[in-house]
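Inside the fold
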Amino acid sequence: MPEPTHLNNEIRDMLMDCGLFDQLQPGDFQHAAGYFSISTLGTGEEIFAEGDAGTFMCIIHHGVVSVRKTDSEQRQVEIATLRKGRAFGEMAVLDGERRSASCVAASDCQLLSLGKDSLEKMINDAPKIAAKIIRALAVALSRRLRMQDGQRLSQV
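Remember, it's a predicted structure, so these values are computed and weren't measured experimentally.

1. Quick notes on the UniProt feature "domain: Cyclic nucleotide-binding" (unreviewed entry) in the protein
Mapped onto this structure's residue numbering, the UniProt feature "domain: Cyclic nucleotide-binding" (unreviewed entry) falls at residues 20–140. Taken end to end, residues 20–140 comprises 31% helix and 35% strand; its first and last C-alpha atoms sit 8 Å apart.

Laid out in structure tokens, this is it:
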């Protein structure tokens, strides 16, 4: 296992590479890295299931994630395919609700994870950095919602 400083530098580089946190300063990335962890999953591994408690969120560093919902006939239906730089699971971490969908590794994946507890700790320890991260997540969610609204409108 890498030394903590090497691991933090690796996480910092992954955070800088994802494109999600443009508002962070270089030093912010280094500080934020201590709150994230790296997960590696194989194709077909479940990341979380619809209805689970939302205890963490992820950012895809590499690989593809399938987002699935259960339909009225209890079948899993893929509703989205996510790629590098995309965050997912953040809704449950931010609002405390249960998972609205299941996520499965559609290929071998490397993910950055931020636990709800780690986010709370960051809010207490580094509130300005935490605020920038939460704002970036809110902006990403807002963009997704606007895009979804546009897609619905074009289908009418």
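2. So, the pattern of salt bridges
Here the structure, examined in full by the defined rule, presents eight salt bridges. For Glu-50, the salt bridge goes to Lys-69, with nearest N and O atoms at 3.5 Å. You can see Glu-50 sitting in the loop between strand E2 (46–48) and strand E3 (56–62) and its partner Lys-69 sitting in strand E4 (residues 65–70), a full 19 residues away along the chain. A salt bridge links Glu-90 to Arg-144, with the nearest nitrogen and oxygen atoms 2.4 Å apart. Of this pair, Glu-90 sits in helix H3 (residues 90–95) while Arg-144 sits in helix H5 (residues 127–155), and the two are 54 residues apart along the sequence. Within this structure, Asp-71, Glu-73 and Arg-75 form a network of salt bridges that share partners.

The rules behind each value
Residues numbered from 1 in each chain as written. Predicted model: local features only at pLDDT ≥ 70, side-chain atom pairs only at ≥ 80, totals over all residues. Heavy atoms only, no water. UniProt positions renumbered as here; feature names shortened; annotations may be inferred. Helix = DSSP H or I, 4+ residues; strand = E, 2+ residues; numbered from the N terminus. Salt bridge = Lys/Arg side-chain N within 4 Å of Asp/Glu carboxyl O.

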